Amino acid sequence: MPTPHARTTRPLKFLPRVLLGVTLLAVPATAVAATSSESTGQAPAAAAPAPAPAPAAIGLDDPAKKEIAMKLVSSAENSSLDWKAQYKYIEDIGDGRGYTAGIIGFCSGTGDMLDLVELYTKRKPGNVLAKYLPALRNVDGSDSHAGLDPNFTKDWKKAAQDSEFKKAQNDERDRVYFNPAVKRGKSDGIGVLGQFIYYDAIVMHGDGGDSTSFSNIRKKALAKAKTPAQGGDEKTYLNAFLDARVWAMKQEEAHEDTSRVDTAQRVFVKKNNFNLNTPLDWKVYGESFHID
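This text gives an overview of the structure that appears in the document. It should be emphasised that the depicted structure is a prediction, and the values quoted were computed from it without experimental measurement. (Residues numbered from 1 in each chain as written. Predicted model: local features only at pLDDT ≥ 70, side-chain atom pairs only at ≥ 80, totals over all residues. Heavy atoms only, no water.)

### With respect to the packing of aromatic side chains
Point 1. Scanning all chains against the criterion turns up twelve aromatic pairs.
Point 2. Note on Y132 and F152: the rings are 4.9 Å apart at their centroids and 75° apart in plane angle, and the pair reads as edge-to-face. Here the residue Y132 occupies a position in the loop between α3 (112-123) and α4 (133-139), and F152 occupies one in helix α5 (residues 152-159), the gap between them amounting to 20 residues.
Point 3. F152 gets classed as buried once you look at its relative accessible area, which sits at 0%. (Phe/Tyr/Trp six-rings, centres within 6.5 Å; stacked < 30°, edge-to-face > 60°. Helix = DSSP H or I, 4+ residues; strand = E, 2+ residues; numbered from the N terminus. Buried < 20%, exposed > 50% of the residue type's maximum accessible area, 1.4 Å probe, protein only.)

### Points about the environment of D257
Point 1. If you trace the backbone, D257 turns up in the loop between α9 (234-249) and α10 (259-270).
Point 2. Apart from residues lying up to four places away in sequence, D257 is in contact with M249 and Y285.
Point 3. Engagement of the side chain of D257 in a polar contact is seen with the side chain of S259, the distance being 2.8 Å. (Contact = heavy atoms within 4.5 Å. Polar contact = N/O pair within 3.5 Å; in protein donor to acceptor, adjacent residues only side chain to side chain.)

### Here's the deal with the layout of surface pockets
Point 1. Taken as a whole, the largest pocket holds about 330 Å³ of empty space.
Point 2. The greatest single-element share of the lining of the largest pocket, amounting to three residues, is contributed by helix α2 (residues 63-78).
Point 3. When the residues that make up the lining of the largest pocket are grouped by side-chain class, the tally is ten nonpolar, six polar and six charged. (1 Å grid on protein atoms, 1.4 Å probe; cavity = no way out; pocket = protein on both sides within 12 Å on 5 of 7 lines; lining within 4 Å. Points joined across faces, edges and corners; volume = space filled by probe spheres on them. Nonpolar A, V, L, I, M, F, W, Y, C, P; charged D, E, K, R; others polar.)

### Things to note about the sheet that holds strand β3 (residues 106-107)
Point 1. Pairing is antiparallel across the open sheet formed by three strands, whose spatial order is β1-β2-β3. Of all strands in the sheet, those bounded by a partner on one side alone are β1 (90-92) and β3.
Point 2. Two strands pair when backbone bridges link them, and β1 and strand β2 (residues 99-101) are joined in this way by three bridges, in the antiparallel orientation. Residue pairing across strands places D92 opposite Y99, the latter belonging to β2. (Pairing = 2+ DSSP bridges.)

### Observations regarding the pattern of salt bridges
Point 1. Inspection of every chain in the model, using the stated rule, returns 18 salt bridges.
Point 2. For D174, the salt bridge is made with K66, and the minimal N-O distance between the two is 2.9 Å. Of this pair, D174 sits in helix α6 (residues 163-187) while K66 sits in helix α2; the two residues are 108 residues apart in sequence, bridging distant segments of the chain. Here the two residues D174 and K66 agree in accessibility, since each one is buried.
Point 3. The closest approach of N and O atoms between R175 and D115, which form a salt bridge, is 4.0 Å. Here R175, found in helix α6, pairs with D115, found in helix α3; they are 60 residues apart in sequence, far enough to count as distant.
Point 4. A relative accessible area of 49% places R175 in the partly exposed class.
Point 5. Put simply, E77, D200, R245 and R260 are held in one network by salt bridges that share partners. (Salt bridge = Lys/Arg side-chain N within 4 Å of Asp/Glu carboxyl O.)

### Considerations on the nonpolar core
Generally speaking, a soluble globular protein has its nonpolar side chains buried in company with each other.
Point 1. If you look at the biggest cluster of nonpolar residues, it comprises 74 residues, and the most contacted ones within it are L129, F152, W156, Y199 and L276.
Point 2. With ten residues, helix α7 (residues 192-205) is the largest single contributor of residues to this core. (Core = buried A, V, L, I, M, F, W, Y, C linked by side-chain atoms within 4.5 Å.)

### Digging into helix α8 (residues 214-222)
Point 1. Of all the positions in α8, only F214, I217, R218 and A221 are classed as buried. Down the axis of α8, the smallest arc covering the buried residues is 95°, so these residues share one side.
Point 2. Buried residues belonging to α8 abut α6, α7 and α9. (Arc of directions from axis to C-beta.)

### Observations concerning the pairing of strand β4 (residues 280-284)
Point 1. Only one face of β4 is covered, namely the face carrying L280, W282 and V284; the face carrying D281 and K283 is uncovered.
Point 2. Between β4 and strand β5 (residues 287-291), which pair antiparallel and follow one another directly, the connecting turn spans two residues, one of which, Y285, has a positive phi of 55°.

### Some words on the packing of α3 against α5
The angle between the axes and the distance between the axes are what describe a pair of packed helices.
Point 1. Interhelical geometry of α3 versus α5 gives an angle of 50° and a closest axis separation of 14 Å. When the axis of α3 is compared with that of α5, the two are oblique. Handedness of the α3/α5 crossing: left-handed. Between α3 and α5, the residues in contact are M113, L116, V117 and Y120 and F152, W156 and A159, respectively.
Point 2. Its residues placed into classes, the contact of α3 with α5 shows seven nonpolar, no polar and no charged. (Axes fitted to C-alpha atoms, helices over the stretch in contact; angles between N-to-C directions. Parallel < 35°, antiparallel > 145°, perpendicular 65-115°, else oblique. Left-handed = near helix turned anticlockwise from the far one by under 90°.)

### Re empty space enclosed by the protein
Point 1. Volume-wise, the largest cavity comes out at about 60 Å³.
Point 2. When residues of the lining of the largest cavity are traced back to their parent elements, those giving at least two are α2, α7, α10 and β4.
Point 3. Here the second largest cavity is characterised by a volume of approximately 30 Å³.
Point 4. The wall of the second largest cavity is formed by M70, V73, S74, W83, I103, I104, R173 and Y199.
Point 5. It is α2 that provides the largest number of residues to the lining of the second largest cavity, a total of three residues.
Point 6. The residue inventory of the lining of the second largest cavity, partitioned by class, reads six nonpolar, one polar and one charged.

Shown next as structure tokens:
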């Protein structure tokens with residue numbers, strides 16, 4: 001898996017000239033009204049309460065929605081909804097990226113596994129994986145296991161029992177994949193589903209400079225449709241993005257099965273479930289999944 005790696009109000013400091021004139025003219029009327037109230041013994045009318053601010057739109061970073069996102073990705077990456085069981089996962093899946101491991105598929109050949117182990121070692125020097133840092137630097141960019149075998153997989157699983165390593169995995173997932181996807185999605189005006197679609201694309205394709213990276217997938221989509229932030233229709237744009245995503249997946253043999261788009265994300269788009277509300281039913285690689 002490759003490395004991807006509010007409206008503001010201007011302060012009214014100077015009143016416009018016309019508004020200032022109206023304000024000055026209104027002063028005598030206000031004074032008269034106040035005098036009249038005093039002479040009749042009536043209390044001035046109370047000011048109307050300010051309207052309550054509109055609630056902020058829920059994004060994929062809402063804890064409940066984020067949990068759904070983790071399960072959706074895990075269904076495609078690990079054929080399981082139990083994403084928390086994947087901290088210990090590690091194997092070479094033969095995609096040319098060396099070892100793939102952890103909750104988001106950190107890879108020894110793409111740099112994100114190296115970043116993760118460096119973070120873990122910074123927080124907990126002398127951990128069981130620290131000794132592999134030189135080897136991880138050497139194999140970056142390749143599918144080599146040099147310096148990792150024969151005990152790296154065993155030590156990874158041992159490290160996965162450590163809450164500090166789990167936290168490091170969570171933090172790197174958010175920094176490199178989740179937060180950038182949500183931020184970009186919100187700026188494009190797409191809802192929870194669209195933000196998830198972005199996230200899943202960054203997880204698989206990364207956000208580098210190659211033609212199949214997330215940014216270039218988005219660029220291809222923008223050539224066909226406008227984002228909601230640009231005044232476009234959300235459903236039309238998401239379908240254009242998924243079309244571009246499928247094209248990118250088919251450029252690589254390891255990703256040629258596009259069911260995580262065709263029988264999952266497309267299903268949610270077709271149902272106009274832009275807020276990714278449960279219950280959810282989908283299929284990946286022919287296997288059915290459900291979230292209540």
